[in-house]
Amino acid sequence: QMQLVESGGGLVEAGESLRLSCVASGRTFTTMAWFRQAPGKEREFVSAIDLGGGTTSYRDSVKGRFTMSRDNAKNTVYLEMNSLKPEDSATYYCAIAQGAALTTRRDEYVYWGQGTQVTVSS
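Residues numbered from 1 in each chain as written. Predicted model: local features only at pLDDT ≥ 70, side-chain atom pairs only at ≥ 80, totals over all residues. Heavy atoms only, no water.

(A) Layout of the pattern of salt bridges. In the structure shown here, the tally under the stated rule is nine salt bridges. Asp-88 is the salt-bridge partner of Arg-65, the closest N and O atoms lying 2.8 Å from each other. Here Asp-88 lies in the loop between β8 (76-81) and β9 (90-97) and Arg-65 lies in the loop between β6 (56-58) and β7 (66-71), a separation of 23 residues in the sequence. Here Arg-105 and Asp-107 are joined by a salt bridge, their closest N and O atoms 2.7 Å apart. For Asp-107, a relative accessible area of 53% puts it in the exposed group. Bridged by salt links that share partners, the residues Arg-36, Glu-44, Arg-59, Arg-65 and Asp-88 form one connected network. (Salt bridge = Lys/Arg side-chain N within 4 Å of Asp/Glu carboxyl O. Helix = DSSP H or I, 4+ residues; strand = E, 2+ residues; numbered from the N terminus. Buried < 20%, exposed > 50% of the residue type's maximum accessible area, 1.4 Å probe, protein only.)

As C-alpha cells, then:
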C-alpha cells in the first residue's frame, strides 16, 4: 500500500509564497497531482505532472503562480506557490494516478495523502 505524506503548509499573508512537498513510500511510476479542498467545497484539481516531469497541467486560477515539479530519485513531488491569495486557502492533498494520463479527474487517482493546510490571510 503506497503512502503519501504532505508537508510545507502554513499561515501566510496574501502575496507570500509556500512550497509544499509530498513524499511517497515507494517509487511512483505514474502521474501525480495536487488537489485542494476548502471547507464546504468539493475537492478540486490544482496541478498534475507526468512521470518524467516534463509535462504539467494546472487549473486556470493558479497558472503563472504555482509550479509543480518532481524528484523521482527522492519519490517526492513539490508545489511551489507564489503570489498566494486568500482564495488559495484549503487543505492540499497529493495523489497518485492509476495510469500515465495527465488527468484532472479525482476518480482516476488511487492513492491520497492526509493533506497539509494552507491558510492565506488578506
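(B) The arrangement of the pairing of strand β3 (residues 18-24) in detail. In terms of burial, β3 is a largely internal element, five of the seven residues being buried. Looking at chain direction, strand β1 (residues 4-7) and β3 are connected through four bridges and run antiparallel. Opposite Val-5, over in β3, you have Val-23 as the bridge partner. As paired strands, β3 and β8 are joined by six bridges and run antiparallel to one another. Paired with Arg-19 across the strands is Glu-80, a residue of β8. (Pairing = 2+ DSSP bridges.)

(C) Seen up close, the packing of aromatic side chains. Within the structure shown, the criterion is met by four aromatic pairs. An aromatic cluster of at least three residues, connected via ring pairs, comprises Phe-35, Phe-45, Tyr-109 and Trp-112. Above the face of the Tyr-78 ring, Arg-19 is positioned so that its terminal group lies 4.1 Å from the ring centre. The ring of Tyr-93 carries the charged tip of Arg-43 above its face, separated from the ring centre by 3.7 Å. (Phe/Tyr/Trp six-rings, centres within 6.5 Å; stacked < 30°, edge-to-face > 60°. Lys NZ or Arg CZ within 6 Å of the ring centre and 35° of its normal.)

(D) Structural view of the state of the cysteines. Applying the stated rule across the entire model yields one disulfide. Covalently, Cys-22 is tied to Cys-94 through a disulfide, its sulfur atoms 1.8 Å apart. Between Cys-22 and Cys-94 the sulfur-sulfur dihedral comes to about 45°; the bridge is accordingly right-handed. Remark: Cys-94 occurs in strand β9 and Cys-22 occurs in strand β3; sequence separation between them is 72 residues. Judged by its relative accessible area of 0%, Cys-94 falls in the buried class. (Disulfide = S-S within 2.5 Å.)

(E) Summary view of the sheet that holds β7. Read across the sheet, four strands follow the order β1-β3-β8-β7 without closing on themselves; strand pairing throughout is antiparallel. Unpaired on one side and paired on the other, β1 and β7 mark the two borders of the sheet. Put simply, the sheet's adjacent strands are angled 15° from each other on average, direction ignored. (Axes fitted to C-alpha atoms, helices over the stretch in contact; angles between N-to-C directions.)

(F) Region of the structure containing the environment of Asp-71. Note that Asp-71 resides in strand β7. Here the alpha-carbon distance between Asp-71 and Cys-22, two residues 49 residues apart in the chain, equals 10 Å. Non-local contacts of Asp-71, meaning those with residues more than four positions away in its chain, are made with Thr-76 and Tyr-78. At 3.1 Å, the side chain of Asp-71 and the backbone nitrogen of Ala-73 are in polar contact. (Contact = heavy atoms within 4.5 Å. Polar contact = N/O pair within 3.5 Å; in protein donor to acceptor, adjacent residues only side chain to side chain.)

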